[in-house]
Amino acid sequence: MTIAFTICSINYLAQARTLGDSLKSTNPDVLFFIGLVDSLQGVVFEKGYATEFPMIEIDKIEIRDFQEMADRYNITELNTAVKPFYFTYFFKHYPEADNVIYFDPDIIVFQPLTELLSSLATHKAVLTPHINTPIEDQLKPNELHHLNTGVYNLGFVAFSRSAEITEFIHWWEEKLRYECLIDLCNGLFVDQNWMNFLPVFVSNTHLERNPGYNAAYWNLHERVFSESEGTHFVNGTNPLIFFHYSGYDPQKPGVLSKYQDRFELSARPDLTALFDLYRNSLINNGNAYYRKYHCAYIKPTPVRRYQRVRKLLKMPLNYIIDQLETT
């Protein structure tokens, strides 16, 4: 048995449903779950918005001191910090599962995962590098950005069951309890930089360089897309296995990704069909509806003293004096 899962909050369920739909149509034998970093207590979805895919709420997967983690992290950090704990949950509660695969919710799977499952039959883990070839400009992102944020993209990672993988995941869990931060000055970018150690600690890790895997804004400099008889291809002959639409907003259809400035979508006609498909899928799966939900674990953003001072500097002098006297 193979399990695939994603992680999101309610406001990203349109993306998760789109991913689930694509897996159902291309890999019907793969069991798909949504790890929900949110609470369904008191939530009643309108007709047509209840997902057919099972959702496992984060407080149900037996994370020790979970509330402390939720208090420690912002929502992005928390969504990534719980990833290894979901792997542990699935390997523990589904002993018949030989493989567990993680996909970010903003992914569409286009092909059967036959090659991936073959890799997992002979390897203990599969990772995809952000890039396979050098970048020849200084636009964003380039190699320096990937040094800061991780050599591998953790929108995808796959493990096969083994004692060595169990040990690695446990190590990963303990790192992410406290150090799943967006803190580039201290070498941290949520869960990704920790995964630089996977090929070191687990020697039988497969680094998948097939351009059909995890195609996304960060590797478009080395990938060109085409379509023939309903099948999408990369660089001519490689079937597109899955595309990662990171940073795409269907309300801004002309923007390829908010995280990059290298490509304009209008200048990449080879991407038109792929992004039209994704935009329409998100709209049909209720993107506008789910976006109205606020995650139960979102905390108010604290206002730092320097931010208060910066705000005061924009005020009239008499107002500043009054505020400083009461601070």
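Residues numbered from 1 in each chain as written. Predicted model: local features only at pLDDT ≥ 70, side-chain atom pairs only at ≥ 80, totals over all residues. Heavy atoms only, no water.

Going by what an unreviewed UniProt entry lists, the protein is known as Glycosyl transferase and is assigned to Dyadobacter chenwenxiniae.

Chemist: What's the story with the overall build of the protein in this structure? I'm lost.
Modeler: What the protein contains, in helices and strands, is 12 helices and 14 strands. For 327 residues, the compact-globule formula gives about 20 Å, and the C-alpha radius of gyration of the protein, at 21 Å, lands near that figure. With the principal axes as the frame, the protein shows a C-alpha extent of 70 × 50 × 50 Å. Split into buried and exposed, the 327 residues of the protein put 50% on the buried side. Residue pairs in contact within the protein that sit at least 24 positions apart in sequence constitute 74% of those at least 6 positions apart. Carbon and sulfur atoms form 54% of the exposed surface of the protein, whose accessible area is close to 16,100 Å². Positive and negative side-chain charges of the protein, numbering 29 and 38 respectively, have mean locations separated by a distance of 6 Å. (Helix = DSSP H or I, 4+ residues; strand = E, 2+ residues; numbered from the N terminus. Rg over C-alpha atoms; globule rule 2.2 N^0.38 Å. Buried < 20%, exposed > 50% of the residue type's maximum accessible area, 1.4 Å probe, protein only. Contact = heavy atoms within 4.5 Å. Areas by Shrake-Rupley, 256 points an atom, 1.4 Å probe, with all protein chains shown as cover. Lys, Arg positive; Asp, Glu negative; His and termini not counted. Charge placed at Lys NZ, Arg CZ, Asp CG, Glu CD.)

Chemist: Hey, could you run me through unusual backbone geometry in this one?
Modeler: Peptide bonds are trans in most cases, and residues, glycine excluded, mostly fall at negative phi. For the bond from Lys140 to Pro141, the omega torsion is -5°, close enough to zero to count as cis. By the element assignment, Pro141 lies in the loop between strand S6 (125-127) and helix H6 (143-149). The phi torsion at Asp65 lies on the positive side, around 55°, for a residue other than glycine. Within the element layout of this structure, Asp65 appears in the loop between strand S3 (55-57) and helix H2 (66-72).

Chemist: I'm lost on the nonpolar core in this one. Help?
Modeler: Generally speaking, a soluble globular protein has its nonpolar side chains buried in company with each other. Core analysis: the largest hydrophobic core is formed by 50 residues, its most contacted members being Phe103 and Phe243. The greatest single-element share of this core, amounting to five residues, is contributed by helix H1 (residues 13-26). Within the second largest apolar cluster, 45 residues are counted, among which are Ile7, Ala81, Ala125 and Ile169. (Core = buried A, V, L, I, M, F, W, Y, C linked by side-chain atoms within 4.5 Å.)

Chemist: Looking at this structure, how should I read the sheet that holds strand S11 (residues 225-228)?
Modeler: Two modes of strand pairing occur in sheets, parallel and antiparallel, and in both the strands are linked by backbone hydrogen bonds. In spatial order, the strands read S11-S12-S13; together these three strands make up an open sheet with antiparallel pairing. Where the open sheet ends on each side, the last strands, each with one partner, are S11 and strand S13 (238-239). Of the pairings in the sheet, the one linking S11 to strand S12 (residues 231-234) comprises four bridges and is antiparallel in character. Bridging across to S12, Ser228 finds its partner in Thr231. (Pairing = 2+ DSSP bridges.)

Chemist: How do you make sense of the confidence of the model for the protein when you look at a structure like this?
Modeler: Low pLDDT marks regions whose predicted coordinates should not be analysed in detail. For the protein, per-residue confidence averages 91 on the pLDDT scale, and 91% of positions sit at 70 or higher. Here residues 323-327 scores under 50 on pLDDT; set against residues more than four positions off or in separate chains, the count is four contacts. (pLDDT = per-residue confidence, 0-100.)

Chemist: How should the packing of aromatic side chains be read in this particular structure?
Modeler: Applying the stated criterion across every chain yields a total of 40 aromatic pairs. Centroid distance Tyr49 to Tyr289: 3.8 Å. Interplanar angle 10°. Geometry classified as stacked. Pair noted here: Tyr49 is in the loop between strand S2 (31-36) and S3 and Tyr289 is in helix H10 (residues 287-290), with a separation of 240 residues, a long-range link. When its relative accessible area of 24% is taken as the criterion, Tyr49 is described as partly exposed. Their ring planes at 65° and their centres at 5.8 Å tell us that Tyr289 and Tyr293 sit as a pair that is edge-to-face. The side chain of Arg268 reaches across the aromatic face of Phe263, ending 5.0 Å from its centre. (Phe/Tyr/Trp six-rings, centres within 6.5 Å; stacked < 30°, edge-to-face > 60°. Lys NZ or Arg CZ within 6 Å of the ring centre and 35° of its normal.)

Chemist: How should I be thinking about the side chain of Glu173 in this particular structure?
Modeler: Considering the arrangement of structural elements, one finds Glu173 in helix H7 (residues 163-178). Buried charge without a salt bridge: Glu173, with Arg177 as the nearest opposite-charge side chain at an N-O distance of 5.3 Å. (Salt bridge = Lys/Arg side-chain N within 4 Å of Asp/Glu carboxyl O.)

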